[in-house]
Amino acid sequence: MALVTTENLKAELETFEITCEDESVLDKMVELCICSRTQAEQMLNEWVAYSATKGGLELTLDNLENFDHEFLNKRNKSKSSSRKDDSYNRTRDIHSLQDLIKAEEEEDNLLDSYSTPGKGSQKRALSTPEHPQSKRTTALLTSPGLLLSPANFSPSLTPSQKYNQRGSKGEVVVTFGAVQGARWTGRKDPGAGVQVNLLEGPEDSLLSSYKYMFQRLRDVRNVLTEKIEELGESLRSQFNIEEFSAVSLPAQDSVTVLGQVCCDSNGKLNAQSVLLEAGQEQGGQQVPVDLSELKEYSLFPGQVVVMDGMNTTGKKLVASKLYEGCPLPFYNTTIKMETDEAAEPLNVLVACGPYTPSDSLTFDPLIDLISVIVRDRPDVCLLLGPFVDSKHQQIEKAQVTETFETIFFRCIESIVDGTRSVGCHLVFVPSQRDIHHDFIYPQPPFILPNLSKDQAQRVTLVPDPCTLLIDGVTFGLTSTDILFHMGAEEISCGTSSDRFSRILNHMLTQRSYYPLYPPTEEVNMDYEKFQIFGQMLLTPDVLVVPSELRYFVKDVVGCVCVNPGRLTKGQVGGTYSRLLIQRSATSEDGKRASPCLTAQVVKI
């Protein structure tokens, strides 16, 4: 199905001899078409009828706003109230209903002409009380009335009924921070003047695909050794440690050792299976660790730690003290703050895929998200994959009729066109669950060759993971579910903090977007690239870590950590997040003030 464009609208306007040179008016009409799932021809018919009842209105932005408020919204409400059980949730007038009846009649005639009576009766028998909409659904989806119709992607045409019947739409489920009279709308001109850049700079960032699947074990060992040495040096200077002892050297006195936590088998880590593996400078050997004398600890495989303990035989270290690392410093801007103190807060929307329910390839959740963007007009939208989910049941069963790249490009084009009138800046982050993209970590950014110059100016394509600098505020982004992966491997005892806070603290103190080693089977790690592009250069002001686990917003050692949840959870609707950001100067007492004024997690 062709998408609504300004060219389509211009052609329809010429049919009615209506002239319009204002691009913003055309963009607004494209927005109305997408949000109401209406084609250009039908939208122009509605406008002409509305204009005639008002005495011949001119086509302006103000009149379009009134048209949307007085006519389209009222019509949508009356339709939905008259059809409570409508699982398709589509707006239709008398003309489209007549077209629907005509389409059903033409389909019946076509089936009768190509089948014998026996086969024809068998075809009609498929319309059972359990599936009464089989023909109706076909007629609905062959008409050009639905954006991102599943008819283009899959022979399974039934939209998700559970998603359309969800409750608590727009409910705020998490609130962080408190700002009196917080307005969840963007600036007067969203996206204008907003600087969105990769912190590392183009020359040091992962901007294109690379060759993988040929790394040597020696190279992996070198990367892990350098990580142990680098973090060990940081811990040594932080706690004023003179030197580290070899982990397997027998000693009658207490020693301080440096190493990486690992498990003595392929199973899950537990208190009896902890090994400490030293770096090359400390002998590179492994020794079992007895944790019984530690009052509290939190460990996971791959964690670089420093321990005090006794190792009288050289075969087991009885740990008595565990040293925790220190996060990197925050970004220190050198830009003068006088001009920014009176600036409006920046509204940032964060959403993570999948953008379709698990039982249908309809992009209804994505369309609803575009409507939210049009309503709230955020300055920046951070959209994380998967956009074409490899775990979707119809993709797993090969029930799609178009290439994965085509589905993806259509999805991105809908987002860019649907938010054109808003003017917000769009940031797209890939996921390892995006079936059309490189299945490797770190993951290179998407490639969108068909974007026009105007569209490309407000679109930023970034790798996974990455650190973004948005108007002087740093955002750490990763679409990989590190919370779920580390949550399954971490062990703890006697700690007062919750598991999410412990895992996030580990990420910040280990200074890595994926500190777990070995990684889970679904993460294909390229360690040479990971050493360059997977480490934190600083502690971000905001860390975005979407996960299958429960959504949250937490302050961990001064970093605001956000799990926006996923836009869909199986067959039902999920959540997204929104933040108000304002860069502030350091207070008089020298303490850093968080740039995140307030944040919320909202149900779609």
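Our structure's up above, just so we're on the same page.
Attention here is on the structure that accompanies the text. Predicted, not measured: the structure shown is a model, and the values here were computed from it.

1. Structural notes on the nonpolar core
L369, L383, F387 and F428 are the most contacted members of the largest nonpolar core, which has 35 residues in total. Put simply, the parts of the chain that give this core at least two residues each are β9 (346–352), α10 (364–376), β10 (380–384), α12 (404–418) and β11 (425–429). Those residues in contact with L369 that sit more than four places away from it in its chain are L349, A351, Y355, L383, L567, Y576 and I604. Counting residues in hydrophobic clusters, the runner-up holds 32 residues, among them V348, V350, I470 and F475.

2. Quick word on the packing of aromatic side chains
Where two aromatic rings form a pair, the distance of their centres and the angle of their planes describe that pair. Within this structure, the stated rule accounts for 16 aromatic pairs. When the centroid spacing of 5.7 Å and the interplanar angle of 70° are considered together, the rings of F387 and F446 count as edge-to-face. On the criterion of sequence distance, the pair formed by F387 in the loop between β10 and α11 (393–396) and F446 in the loop between β11 and α13 (453–457) is long-range, its members being 59 residues apart. Owing to a relative accessible area of 2%, F387 belongs among the buried residues under this scheme. An angle of 75° between the planes, with centres 5.8 Å apart, marks the rings of Y517 and Y527 as edge-to-face. In this pair, Y517 is assigned in the loop between α15 (499–510) and α16 (527–533) and Y527 in helix α16, connecting sequence segments 10 residues apart.

3. Quick look at the pattern of salt bridges
Applying the stated criterion to the full structure yields 21 salt bridges. With a closest N to O distance of 2.9 Å, R375 and D376 form a salt bridge. Its salt-bridge partner being R420, residue D417 comes within 2.9 Å of it at the nearest N-O pair. One network of salt bridges, in which partners are shared, links D389, R433, E548, R566 and K569.

4. Details of the sheet that holds strand β7 (residues 304–311)
An order of β3-β4-β5-β8-β7 is seen for the 5 strands of this closed barrel, with the pairing classed as mixed. Taken over all neighbouring pairs, the strand axes of this sheet differ in orientation by 55° on average, direction set aside. Relative to strand β4 (residues 274–277), strand β3 (residues 251–263) runs antiparallel, the two being bridged by 4 bridges. Its bridge partner lying in β4, C263 is registered against V274.

5. Observations regarding empty space enclosed by the protein
Empty pockets left among the atoms are what a rolling probe the size of a water molecule brings to light. This structure, assessed with the given rule, holds 6 cavities of 30 Å³ or more. Approximately 120 Å³ is the volume found for the largest cavity. Lining the largest cavity are 16 residues; nearest its centre among them are V304, E324, G325, T509 and Q510. Of all elements in the fold, only α9 (217–238), β7 and α15 reach the threshold of two or more residues within the lining of the largest cavity. In terms of residue class, the lining of the largest cavity is made up of 6 nonpolar, 8 polar and 2 charged.

6. A short note on helix α3 (residues 40–53)
The end-to-end C-alpha distance of α3, which contains 14 residues, comes to 20 Å, matching closely the 20 Å that a straight helix rising 1.5 Å per residue would cover. Listed in full, the buried residues belonging to α3 are A40, M43, L44, E46, W47, Y50 and S51. The arc that holds every buried residue of α3, seen down its axis, measures 160°, which confines them to one face. In this structure, α3 carries E41, A52 and T53 as exposed residues pointing more than 90 degrees from its buried face. Looking one or two residues beyond α3, the residue adopting positive phi is G55, at roughly 85°.

7. Digging into the state of the cysteines
A full pass over the atoms with the stated rule returns 0 disulfides. Free cysteine C262: the closest other cysteine sulfur is in C263, separated by 7.8 Å. On the accessibility criterion, C263 (18% relative accessible area) is buried.

8. Section: the sheet that holds strand β21 (residues 575–581)
Sheets are built from strands paired through backbone hydrogen bonds, the pairs being either parallel or antiparallel. The mixed open sheet is built from 7 strands, whose spatial order is β1-β22-β21-β9-β10-β11-β12. The sheet is open, and its two edges are formed by β1 (172–176) and β12 (459–461), each paired on a single side. Neighbouring strand axes in the sheet, compared pairwise and without regard to direction, differ in orientation by 15° on average. With 5 bridges connecting them, β9 and β21 associate as antiparallel partners. Across the sheet, the residue bridging to V350 is S577, located in β21. Packed on one face of the sheet, α10 meets β9, β10 and β21 and runs near 25° to β21. Across the face of the sheet, α12 comes into contact with β10, β11 and β12 while running at roughly 160° to β11.

What counts as what
- Residues numbered from 1 in each chain as written.
- Predicted model: local features only at pLDDT ≥ 70, side-chain atom pairs only at ≥ 80, totals over all residues.
- Heavy atoms only, no water.
- Core = buried A, V, L, I, M, F, W, Y, C linked by side-chain atoms within 4.5 Å.
- Buried < 20%, exposed > 50% of the residue type's maximum accessible area, 1.4 Å probe, protein only.
- Helix = DSSP H or I, 4+ residues; strand = E, 2+ residues; numbered from the N terminus.
- Contact = heavy atoms within 4.5 Å.
- Phe/Tyr/Trp six-rings, centres within 6.5 Å; stacked < 30°, edge-to-face > 60°.
- Salt bridge = Lys/Arg side-chain N within 4 Å of Asp/Glu carboxyl O.
- Pairing = 2+ DSSP bridges.
- Axes fitted to C-alpha atoms, helices over the stretch in contact; angles between N-to-C directions.
- 1 Å grid on protein atoms, 1.4 Å probe; cavity = no way out; pocket = protein on both sides within 12 Å on 5 of 7 lines; lining within 4 Å.
- Points joined across faces, edges and corners; volume = space filled by probe spheres on them.
- Nonpolar A, V, L, I, M, F, W, Y, C, P; charged D, E, K, R; others polar.
- Expected span 1.5 Å × (residues − 1).
- Arc of directions from axis to C-beta.
- Disulfide = S-S within 2.5 Å.

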